[in-house]
Amino acid sequence: MLILTIESSCDETAAAVVDERRNVLGASLASQIDVHQRYGGVVPEIASRAHMEAILPVISEAMTQAQVTLDDLSAIACVNEPGLAGSLLVGLSAAKALCVASGKPLIAINHLQAHIYACRVAFDEELFPCVGLIASGGHTSLYRCSTPIDFEPLGATIDDAAGEAFDKVAAMLGLPYPGGPSIQKAAERGDPKAYDFPRPMLSEKDRLRFSFSGLKTAVRYKLAGVGKVDFASQQIDEQTRADIAASFQEAAVDCLVGKARQALKKCGMKTLCVGGGVAANARFREKALDAAEKYRFKLYIAPPKLCSDNAVMGAIAIERYKAGLFSDLTLDVSPGLLRD
Ligand code: KG4
Ligand code: ZN
């Protein structure tokens, strides 16, 4: 079995060719970070245009690396939810066109499920059943993952995603986009205990919800003073910037690790799989590992390269292929995701 996987849900255009044992025969990725950097975040219209330029070269590169043609493929898989509508449409339209041209079946990929499946690809161990935590720029949510194709939402953020909070706080501190890596770097020289930022929802043990907008506002007030808005012109010294970055990062990481632990307890499960760009955060990985040792659960976090968006995690399509879960060509994109 050989499957071509396509990913274009946000600002990375990616394609990969995988076999039934999750071997990656070819993988290609075009990042748009440089394009969006000057705006401090992803601009949807620009993203979809950049996908249109990149999609065919990226698919072609993955197939060339894998030394396969359309005839060799068993199916073509593509992310159709969730994500930016215009971005998703580019990948899905390309996938459908290839299906029409080749007569191969289409498989729909859920981007969030794929983020969890990145752990399955990276570790090549049976992970299911497990609790899945996704912390990315667009989503922060917990799932009960009974099988690779059976994910039940347990809870999600009620406002910002964790990555969004990293990006916004970085912007407040005058650090470049994407904010996660910038905050992590600045935090290396900072004191995580310098500021006592809130850990929203952590004390709400019976509900698996996240909230990051209050934490973001707490940083803003620390920078500008309560009720004031003009923090941009305020000069802060390097040490204060590093201390705020470290203290914010510590609070955000505590929320993610703490809520994941609560989910494991609630589900009576002993395995946690984490995916999404924020899972690349070094402090998160350190604290999650500490918690796994202390509370004796198995922890899988994909290597940083597979935490951020990529098409290799689309190998989850193998599971759908085996289960006979194909889509017809009327498949549409589904940008949003219902929150609990
Ligand atoms: O999963 P992803 O690549 O794209 C989405 O599906 O959103 O996640 C991107 C997010 C951005 O908000 C970025 O700032 C954050 O992941 N991120 C990080 C780190 N690397 C990327 N956040 C914290 N620490 C990092 N090292
Ligand atoms: Zn993602």
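Preceding block: the structure.
Cut-offs used in this document
Residues numbered from 1 in each chain as written. Chains lettered and ligands numbered in written order. Predicted model: local features only at pLDDT ≥ 70, side-chain atom pairs only at ≥ 80, totals over all residues. Heavy atoms only, no water. Axes fitted to C-alpha atoms, helices over the stretch in contact; angles between N-to-C directions. Helix = DSSP H or I, 4+ residues; strand = E, 2+ residues; numbered from the N terminus. Parallel < 35°, antiparallel > 145°, perpendicular 65-115°, else oblique. Contact = heavy atoms within 4.5 Å. Nonpolar A, V, L, I, M, F, W, Y, C, P; charged D, E, K, R; others polar. 1 Å grid on protein atoms, 1.4 Å probe; cavity = no way out; pocket = protein on both sides within 12 Å on 5 of 7 lines; lining within 4 Å. Points joined across faces, edges and corners; volume = space filled by probe spheres on them. Pairing = 2+ DSSP bridges. Salt bridge = Lys/Arg side-chain N within 4 Å of Asp/Glu carboxyl O. Buried < 20%, exposed > 50% of the residue type's maximum accessible area, 1.4 Å probe, protein only. Donors = N, O, S within 2.8 Å, 3.2 Å for Na, K, Ca; no water. Tetrahedral: all angles 85-135°; square planar, octahedral: opposite > 155°, others 65-115°. Lys, Arg positive; Asp, Glu negative; His and termini not counted. Polar contact = N/O pair within 3.5 Å; in protein donor to acceptor, adjacent residues only side chain to side chain.

### Some details on the packing of helix H5 (residues 162-172) against helix H7 (residues 213-224)
Between H5 and H7, whose axes approach to 10 Å, the crossing angle comes to 10 degrees. Overall, the two elements H5 and H7 adopt an arrangement that is roughly parallel. Counting all contacts with H5, which are made through Lys168, Val169 and Met172, the residues of H7 involved are Lys216, Val219, Arg220 and Leu223. Class assignment of the residues belonging to the contact of H5 with H7 gives a composition of four nonpolar, no polar and three charged.

### Quick word on empty space enclosed by the protein
In this structure the tally under the stated criterion is one cavity of 30 Å³ or more. Put simply, the largest cavity is a space of about 30 Å³. Considering the residues around the largest cavity, the lining is formed by Thr5, Ile6, Glu7, Val79, Ile109, Ala114, Asn310, Ala311, Met313 and Gly314. The dominant element in the lining of the largest cavity, judged by the number of residues it contributes, is strand S1 (residues 2-7), at three residues. Across the lining of the largest cavity, the residue classes tally to six nonpolar, three polar and one charged.

### Quick notes on the environment of alanine 122
Of note, alanine 122 is situated in helix H4 (residues 111-123). Each C-alpha atom of the pair alanine 122 and aspartate 150 lies 20 Å from the other, and the pair is 28 residues apart in sequence. Residues within four places of alanine 122 in sequence aside, it is in contact with Ala302, Pro303 and Leu306.

### A closer look at the sheet that holds strand S4 (residues 75-81)
As summarised here, the arrangement of the five strands in space is S3-S2-S1-S4-S5, forming an open sheet in which the pairing is mixed. Each of the sheet's edge strands pairs with one partner strand only, and the pair in question is strand S3 (24-31) and strand S5 (106-110). Pairs of neighbouring strands in the sheet enclose a mean axial angle of 20 degrees, with direction left out of account. When S1 meets S4, the two strands line up parallel, connected through four bridges. Along S4, the bridge assignment pairs leucine 4 with isoleucine 76. Packing against the sheet, helix H2 (residues 44-66) makes contact with S1, strand S2 (12-19) and S3, and its axis sits at approximately 25 degrees to S2. Helix H3 (residues 85-102) rests against S1, S4 and S5 of the sheet, and its axis sits at about 155 degrees to S4.

### Quick notes on the pattern of salt bridges
Under the counting rule described, the total for this entry stands at 16 salt bridges. In this structure, the salt-bridge partner of glutamate 238 is arginine 189, at a minimum N-O distance of 3.9 Å. Linking glutamate 238 in helix H8 (residues 238-267) with arginine 189 in the loop between helix H6 (179-187) and H7, this pair joins segments that are 49 residues apart in sequence. On the basis of relative accessibility, which here comes to 48%, the residue glutamate 238 falls in the partly exposed class. As a salt-bridge pair, arginine 283 and glutamate 250 come within 2.8 Å of each other at their nearest N and O atoms. Taken together, the residues arginine 283 in helix H9 (residues 282-295) and glutamate 250 in helix H8 connect sequence positions 33 residues apart. When salt bridges that share partners are traced, they join Arg199, Glu250, Asp254, Arg283, Glu286 and Lys287 into one network.

### Considering the coordination of the zinc ion (ligand 2)
All of the protein donors around the zinc ion (ligand 2) are His111 (NE2), His115 (NE2) and Asp309 (OD); their distances to the metal are 2.0 to 2.1 Å. What the four donor atoms of the zinc ion (ligand 2) show is an angle range of 93 to 151 degrees at the metal, which sorts the shape as irregular.

### What to know about the side chain of lysine 259
Examined against the element boundaries, lysine 259 turns out to sit in helix H8. One buried charge, lysine 259, has no salt-bridge partner; the nearest side chain with opposite charge is glutamate 204, at 4.9 Å. At 2.9 Å, the side chain of lysine 259 and the backbone oxygen of arginine 207 are in polar contact. Among all residues touching lysine 259, those that are not within four sequence positions of it are Leu142, Met201, Leu202, Glu204, Arg207, Leu208, Arg209 and Phe210.

### What to know about the layout of surface pockets
Here the largest pocket is characterised by a volume of approximately 1300 Å³. For the largest pocket, the lining is made up of 48 residues, of which Asp11, Glu12, Gly137, Gly277 and Ser308 are closest to its centre. The set of elements that each furnish at least two residues to the lining of the largest pocket consists of S2, S3, H4, H5, H6 and helix H10 (304-307). Looking at which element gives the most residues to the lining of the largest pocket, the answer is H5, with six residues. Grouping the amino acids of the lining of the largest pocket by side-chain chemistry returns 22 nonpolar, 19 polar and seven charged.

Interpretation note: all reported values are geometric properties and have no functional meaning in isolation.
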